[in-house]
Amino acid sequence: MKKVLTFFSAASLLLTVLSFPAFSAEYQYETPVEPALWAEPEFGTDHAYSFAFVGDPQYLSIGDYYQGTKKMDQLFGSIADTAEERKLEHVFVLGDITDKGYNNDANLAHTYCDPPVTGEWETAQKAIFQLNEAGVPYSLCRGNHDDYMMDDYFNVPTYTDQFKNCGGFYSDSLAKHPTLREADNPDGYIYWSATTGYHANSIVNSYKTVEICGNKYIFITVDYNPTENVVKWVDQILGEYPDHLAIVTTHSYLTSKGELCTTEKGGTKYFLGYAADKLWDMALKNHENLLMVVCGHTGTLDPVYNTQTGVHGNTVHQFLVNPQKYDTKETDAETISSGTQDTGMVLYMNFSADGSKITLDYYSTLLNKELENIKDTTVTLYERNPLIPIPGDMDDDDTLTIDDAIHLLFHVDFPEEYPIAQTGDLNGDGKLNSDDAILLLFHVIFPERYPLS
């Protein structure tokens with residue numbers, strides 16, 4: 001039986017943590033994974049498009065490097081191979097692509113890995129580039145285990161020189177995504193460097209715009225513990241695209257209890273930069289077009305979900321996706337946990353055509369199974385796209401009433417005193433006069449008998 005969840009905006013800005021079986025806010029059990037939790041996968045065809053979220057595959061990466069396994073290959077190969085069947089439009093990788101992909105110069109919290117394990121990056125690059133070959137767009141977040149070396153393996157020259165079809169980041173994506181911003185940037189994505197401003201040689205903070213089934217989105221990737229300048233940049237970019245629903249991905253944002261990470265809570269206190277609470281207060285909460293924030297970092301068995309309310313009364317849906325609790329950190333033969341079963345989990349969000357509802361599947365690419373308690377969970381993102389005006393709402397109060405017909409009538413005679421929020425030619429005769437106001441009045445009372453053109 002499908003679990004249907006509908007969330008209505010409240011007037012409060014307080015964080016509301018929702019507890020229901022499909023999403024756990026606490027760790028529930030340890031590996032090995034019990035077979036009773038799994039169900040046979042059913043990709044389904046009743047959705048219009050889907051997004052995939054990959055959280056913290058670092059244990060697979062380090063295991064492949066030390067053990068010679070191919071689990072990262074299997075993870076991203078499965079996503080690529082089933083992309084058409086799943087109607088997949090974008091893959092979001094939520095950081096910690098590697099386990100030891102950093103060194104002590106770039107990350108003050110980790111001083112025991114210098115130099116970094118470059119073999120992990122080579123493993124990750126080979127695995128993720130399967131998405132390039134399949135033509136599947138993707139974006140990457142930098143995690144605290146990744147640091148500067150993500151640019152060494154996934155930056156602009158690496159893509160453009162060797163892998164021309166690189167999933168939405170660079171020049172070959174322009175044909176598929178003509179709405180990518182700024183023609184003077186041939187790489188399509190807009191990059192931000194905290195020290196030099198816009199910068200085409202780093203992908204740690206970036207965005208792009210897409211249109212899917214008539215729904216306009218902007219995807220923004222935000223660095224782990226962003227600096228003040230980066231937070232201001234996020235605020236700026238969200239403001240520049242008010243007609244695009246925004247999905248923000250960053251590495252650390254929610255704790256396992258669904259609370260916003262702070263400097264002292266959520267594993268961020270050893271790092272420079274701002275935690276999630278500052279990102280929310282200084283940027284995210286201010287924008288009505290913010291639809292969703294998705295992060296990794298904190299390991300949980302099930303995805304963690306909650307909502308917050310922005311200053312405009314809009315509901316922001318927030319997800320933590322990090323299946324590390326299912327996977328083993330295999331660094332050498334002596335430390336392999338014999339009872340652990342790697343899974344390679346991917347959270348698929350399957351969207352309705354109007355983008356208002358998602359159905360979730362938490363799928364194991366290594367076991368070809370779905371988690372039973374997540375399967376077919378449905379979340380209502382909005383009842384009506386908040387960025388699309390209601391036809392006939394002349395006074396722009398998000399309702400359609402007789403007042404709109406009166407407002408339009410006054411506009412006909414006094415256009416400066418009574419401006420309208422949308423076109424007033426409602427009967428399609430190329431003129432704006434009292435006939436349009438009369439039609440709107442009848443439409444409010446008898447909407448089926450008197451449709452607007």
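Scroll up for the structure.
Because the structure is a prediction, the values reported are computed rather than measured. Numbering of residues begins from 1 in every chain and follows the order in which that chain's sequence is written. For a predicted model such as this one, the threshold for reporting local features is a pLDDT of at least 70, and the threshold for listing and counting side-chain atom pairs is 80 or more; totals across whole chains, interfaces and linings nevertheless cover every residue. Excluding hydrogens and water, the side-chain figures rest on all heavy atoms present in the structure.

## Comments concerning the packing of helix 8 (residues 402-413) against helix 9 (residues 434-445)
The following threshold applies: A fitted line through C-alpha atoms serves as each axis, taken over the contacting stretch for helices, and the angle formed by two N-to-C directions is quoted from 0 to 180°. Helix numbering and strand numbering both begin at the N terminus, where a helix is a DSSP run of H or I of at least 4 residues and a strand a DSSP run of E of at least 2. Roughly parallel refers to an angle under 35 degrees, roughly antiparallel to one over 145, roughly perpendicular to one between 65 and 115, and oblique to any angle outside these ranges. Throughout, a contact is declared for two residues whenever any of their heavy atoms are within 4.5 Å. Only Asp, Glu, Lys and Arg are considered charged, only Ala, Val, Leu, Ile, Met, Phe, Trp, Tyr, Cys and Pro nonpolar, and every remaining residue, Gly among them, polar.
Where helix 8 contacts helix 9, the axes come no closer than 8 Å and their chain directions differ by 180 degrees. What the angle tells us is that helix 8 and helix 9 run roughly antiparallel. Along its contact with helix 8, which presents Ile402, Asp404, Ala405, Leu408, Leu409 and Val412, the element helix 9 presents Ser434, Asp436, Ala437, Leu440, Leu441 and Val444. Counted by class, the contact of helix 8 with helix 9 contains 9 nonpolar, 1 polar and 2 charged residues.

## Some thoughts on the pairing of strand 9 (residues 206-212)
Quick reminder of the rule: Only protein chains enter the accessibility calculation, which uses a 1.4 Å probe; a residue whose area is less than 20% of its type maximum is buried, one above 50% is exposed, and one in between is partly exposed. DSSP-based pairing: two strands are paired if at least 2 bridges between them are found.
The element strand 9 is extensively covered by neighbouring structure, given that 6 of its 7 residues are classed as buried. When strand 9 meets strand 10 (residues 215-222), the two strands line up antiparallel, connected through 7 bridges. What sits directly across from glutamate 211, in strand 10, is lysine 216. Counted along the chain from strand 9 to the antiparallel partner strand 10, the turn is 2 residues long, and its residue cysteine 213 has a positive phi close to 55 degrees.

## Structural notes on the side chain of aspartate 361
Convention followed: Neither His nor the chain termini are counted; the positive set is Lys and Arg, and the negative set is Asp and Glu. A carboxyl oxygen of Asp or Glu within 4 Å of a side-chain nitrogen of Lys or Arg is what we treat as a salt bridge. What qualifies as a polar contact is a pair of N or O atoms within 3.5 Å, subject to a donor-acceptor requirement within protein and to the restriction that residues adjacent in sequence count only when both atoms come from side chains.
Along the chain, aspartate 361 falls in strand 16 (residues 357-364). Although aspartate 361 is buried, it makes no salt bridge; arginine 86 carries the closest opposite charge, 4.5 Å away. Separated by 3.0 Å, the side chains of aspartate 361 and asparagine 350 make a polar contact. Contact partners of aspartate 361, with chain neighbours within four places excluded, come to Glu42, Val346, Leu347, Tyr348, Asn350, Glu370, Lys375 and Asp376.

## Considerations on the packing of helix 2 (residues 71-81) against helix 3 (residues 118-134)
Look at helix 2 against helix 3: their axes get within 8 Å of each other, and the N-to-C directions meet at 10 degrees. With respect to their mutual orientation, helix 2 and helix 3 come out roughly parallel. Each of Met72, Asp73, Phe76, Gly77, Ile79 and Ala80 in helix 2 lies in contact with helix 3, whose residues at this interface are Thr123, Ala124, Lys126, Ala127, Ile128, Gln130, Leu131 and Ala134. Across the contact of helix 2 with helix 3, the residue classes break down as 9 nonpolar, 3 polar and 2 charged.

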